[in-house]
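# Coordinate inspection notes
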Amino acid sequence: MNSSTELSASADDEIYKCLDLKSPKSFFLFAGAGSGKTRTLVTILNKFRTEKGKELCLNGQKIAVITYTNAASDEIKRRLEFDSTFIVSTIHSFSWELIRPFQHDIREWIRKNTKTELKKLEEEQRRGRAGTKAFREREEQIKFKRNRLKNLDNISRFTYNPNGINNGKEALNHAEVIKITADFLSLFPLMQKILISSYPILLIDESQDTKKELIEAFFKIQENFPDKFSLGLFGDTMQRIYTDGKIDLGDNLPKDWAKPAIITNYRCPKRVITLINKIRSDVEEHEQKPVDNAEDGVVRLFIVDSNNIPDKDLIEKNISSLMAEYTSDSLWESLNSNVKILTLEHHMAARRGGFFEFFEPLYSQDKLKTGLLDGNLSGISFLTQQILPLVEAMRANNEFAVAKIMREYSELLDEENLKESETPIEQIKKTGESVDSLLKLWDSGQEPSLLEVLQLVGELNIFPIPENLIPVTYYSPDEDLGDDEEEPQDKDEIIDAWRAALKCPFNQLEFYTDYISDKSAFGTHQGVKGLEFPRVMVVIDDEEARGFMFSYEKLFGAKDLSDTDIRNINEGKESGIDRTRRLFYVTCSRAEKSLAIVAYTKNPEAVKNHVLSEEWFSEDEVIDMNLFLSE
Ligand SMILES: Nc1ncnc2c1ncn2[C@@H]1O[C@H](COP(=O)(O)OP(=O)(O)OP(=O)(O)O)[C@@H](O)[C@H]1O
């Protein structure tokens, strides 16, 4: 056993001792990036299962583990061999399972909460200016809330889907489920007793980003029942990147809590560890050490002057070649397959990944954003699960796959239709001809638009077109749609967005599908939390990101702090710089071998001076790309 493994083993032991059913203890694990928090969690739980699982089971109890994403929950369940000693779920699923039996209390909570919100909105509306967008939106909200109150007593059961869209008058939304759970846990002693008697041990992964209302409720329960309930927090406060986590988590912990720490970083090479230690050192003391046999690793900062409207694709290509040279790792050359490219916003990945024309019109509609990113947007699954696989199978001449998709989704080969048909053989033949006609769109190397493909799919009856895409697929914007009642404003905007998106070349659908299923080379700074990659390129470009939550220009000293930043800093509150620093820590700490940071900036000199004076990089690690490009 080497010295670093011994250190993490002692944290494992300390945590394991807390999971004592007769004398439970709570704990907060202090551990930075790449320190194996998930491995620690799984190791101690597997040990618990072997040694004390039976006892827990005889008491009719389980250990609850809360994860940040469904993917993390599936991974942990798998590593615990789906053992029933544990209930592993996301905070939304866990909360819903706790509150769903209390239908009457949910109704009364909704009634009280809706009345309060309605009162606030009506007050704002009285003061608001008629005709503005905000006024119209409030009007809609008021109408919705009044209706909700009117219908409340007709609802027999509230419903909720933790993983999807919650429509319909019985449905609770995600934020409501969290608030209701936090309120019930804080206010109802019965609810607290149910929690601790069902789950005497509750462990939370990524606790820094777990909803603060709930974390606070769990803290309160732990305080009320210190000898009956163990709350265990895994996570890293430096990696808090969402706004709903508890800001001061880890500070002022109760005296009787255990505070184990892991200082080994098992993921990153030495140079990356010194960089992330430096980034972190401005905020807190937590210096990580590499494993004994860690590689040296390579880090470079490439500064690009964004005043000169740079050709970013070319620059990033050049940077990947330079990295291949600096690292002697030729895989850097194949930027789009062997390097993980992290952009701040999805539209930046869409532009670099070749699916911008499809993505941008839909992404600019607030109502479509979430569904577009998780692939559940109405119309999207039709494109990604029916159209794209059919086209791919056709183009690969895979008749078996074509037949499978057609049998599954096409009315032409629907078993009932075939049975009823007088000429089933003829119908199968016609189906084959339809598929061949569709394939002709790609004749002589052309790339049809997504709209052309959909129109032909509809004309040939290959698949039924989903209802929301019918107006987009069959009518051009100038066509008279008849004198039906006028559609609400937002509906037109959504149809227009789809119209614009479907004009893109078909292959953009492929690139988009790869992106949302995490198969592409691109990811966002926030989306790669918890992941790791051998070669990482972090693209920093505030101007292109168009966001307001993060400012790398300020973090890198290229832009002055605003009055609000200064006020926040003076008052000890969180500033945009703090948020950006943590995000920078997350992105840099994903690298297993080498790391390139590409900073587009309005003030290259200031960035260089700043990073050198902060000792984040040495002089020879900072590359002025403009000097390079003008050579
Ligand atoms: N004790 C260990 N010995 C060897 N390798 C380890 C050990 N613990 C973790 N690792 C490896 O180190 C890497 C980082 O582990 P993991 O992703 O669990 O860290 P983490 O603390 O969750 O990181 P982050 O917070 O940065 O996402 C993984 O590749 C993991 O397999």
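As the structure is a computational prediction, the values presented were derived from the model and not from experiment.

## Quick look at the site of the ligand
- In the vicinity of the ligand, 17 residues are found, and the nearest of them are A33, G36, K37, T38 and Y266.
- For the shell around the ligand, the elements supplying multiple residues, two or more each, are α1 (3-18) and α2 (37-58).
- Considering each element in turn, the shell around the ligand owes the most residues, three residues, to α2.
- Residues belonging to the shell around the ligand are distributed by class as follows: three nonpolar, nine polar and five charged.
- Both domains that meet at the shell around the ligand, namely domain 1 (3-99 + 184-265) and domain 3 (298-344 + 525-630), each give it at least three residues.

## Some thoughts on the nonpolar core
- Within the largest apolar cluster, 95 residues are counted, with the highest numbers of intra-cluster contacts made by F302, V598 and A599.
- Top contributing element to this core by residue count: strand β14 (residues 591-601), with seven residues.
- Residue contacts for V598: discarding those within four places in its chain leaves F302, V304, E316, I319, M537, V538, V539 and I540.
- Counting residues in hydrophobic clusters, the runner-up holds 53 residues, among them F27, L45, F94 and F218.

## Considering the packing of helix α14 (residues 356-363) against helix α23 (residues 507-516)
- At their nearest, the axes of α14 and α23 sit 8 Å apart, and the two run at 65° to each other. The angle between the axes of α14 and α23 places the two elements in the roughly perpendicular class. Packed against α14, whose contacting residues are E357, F358 and F359, the element α23 presents Q508, L509 and Y512 at the interface.
- Looking at the contact of α14 with α23 residue by residue, the class counts come to four nonpolar, one polar and one charged.

## Quick notes on the confidence of the model for the chain
- Per-residue confidence for the chain averages 89 on the pLDDT scale, and 94% of its residues sit at or above 70.
- In this model, residues 480-489 is a region of pLDDT below 50 whose contacts with residues beyond four sequence positions or in other chains number two contacts.
- Note on the complex model: pTM 0.87, ipTM 0.98.

## Structural notes on the UniProt feature "binding site: ATP" (unreviewed entry) in the chain
- UniProt tags A31, G32, A33, G34, S35, G36, K37 and T38 as "binding site: ATP" (unreviewed entry).
- Tracing the backbone shows G36 in the loop between β2 (30-31) and α2.
- One can find K37 in helix α2.
- Excluding residues that lie within four positions of it along the chain, K37 makes contacts with L29, A31 and F234.

## Section: the pairing of β14
- For β14, a buried count of nine out of eleven residues is recorded, marking the element as mostly surrounded by other parts of the structure.
- Pairing of strand β10 (residues 298-305) with β14, which is carried by eight bridges, proceeds in the parallel orientation. The partner of L301 across the bridge, within β14, is I597.
- Note: strand β13 (residues 533-540) against β14, seven bridges, orientation parallel. The residue bridging I540 from the neighbouring strand is A599, located in β14.

## Some remarks on the pairing of strand β3 (residues 63-67)
- Summarising burial for β3: five of the five residues are buried, a large majority.
- Burial along β3 is two-sided: the residues I63, V65 and T67 and A64 and I66 are all buried.
- Taken together, the five bridges between β3 and strand β4 (residues 86-90) define a ladder with parallel strand orientation. Its bridge partner lying in β4, T67 is registered against T90.
- In this view, the connection linking β3 to its parallel neighbour β4 by way of helix α3 (residues 70-79) has right-handed handedness.
- Alignment of β3 against strand β5 (residues 201-204), held across four bridges, turns out to be parallel. Residue pairing in the sheet places V65 in a bridge with L203 of β5.

Calculation criteria
Each chain carries its own residue numbering, running from 1 in the written order of its sequence. Totals for whole chains, interfaces and linings use every residue, but because this is a predicted model, local features are given only for residues with pLDDT of at least 70 and side-chain atom pairs only at 80 or more, for both listing and counting. Nearness here has a simple definition: the residue's C-beta atom, placed using the backbone, must lie within 6 Å of the molecule or strand. The secondary structure listing takes helices from DSSP runs of H or I that are at least 4 residues long and strands from runs of E that are at least 2 residues long, numbered from the N terminus. We call Asp, Glu, Lys and Arg charged. Ala, Val, Leu, Ile, Met, Phe, Trp, Tyr, Cys and Pro are nonpolar, and the rest, Gly among them, are polar. All domain edges in this entry derive from an automatic or database-based domain assignment. Nonpolar cores are built from buried Ala, Val, Leu, Ile, Met, Phe, Trp, Tyr and Cys residues. These are joined into a set through C-beta atoms within 7 Å. Partly exposed residues are those whose C-beta has more than 12 but fewer than 20 other C-beta atoms within 10 Å; 20 or more makes a residue buried and 12 or fewer makes it exposed, with C-beta atoms placed from the backbone. Working definition of a contact: two residues with C-beta atoms, positioned from the backbone, lying within 7 Å. Angles run from 0 to 180 degrees between N-to-C directions of axes, and those axes are lines fitted to C-alpha atoms, restricted for helices to the stretch in contact. Working definition: roughly parallel below 35 degrees, roughly antiparallel above 145 degrees, roughly perpendicular at 65 to 115 degrees, and oblique for all remaining angles. Values of pLDDT, which run from 0 to 100, indicate the predictor's confidence residue by residue. UniProt positions are given in the numbering used here, feature names are shortened, and annotations may be inferred rather than shown by experiment. For two strands to count as paired, DSSP must find a minimum of two bridges between them. When the strands point away from the viewer, a crossover counts as right-handed if the route from the first strand across the helix to the second turns clockwise.

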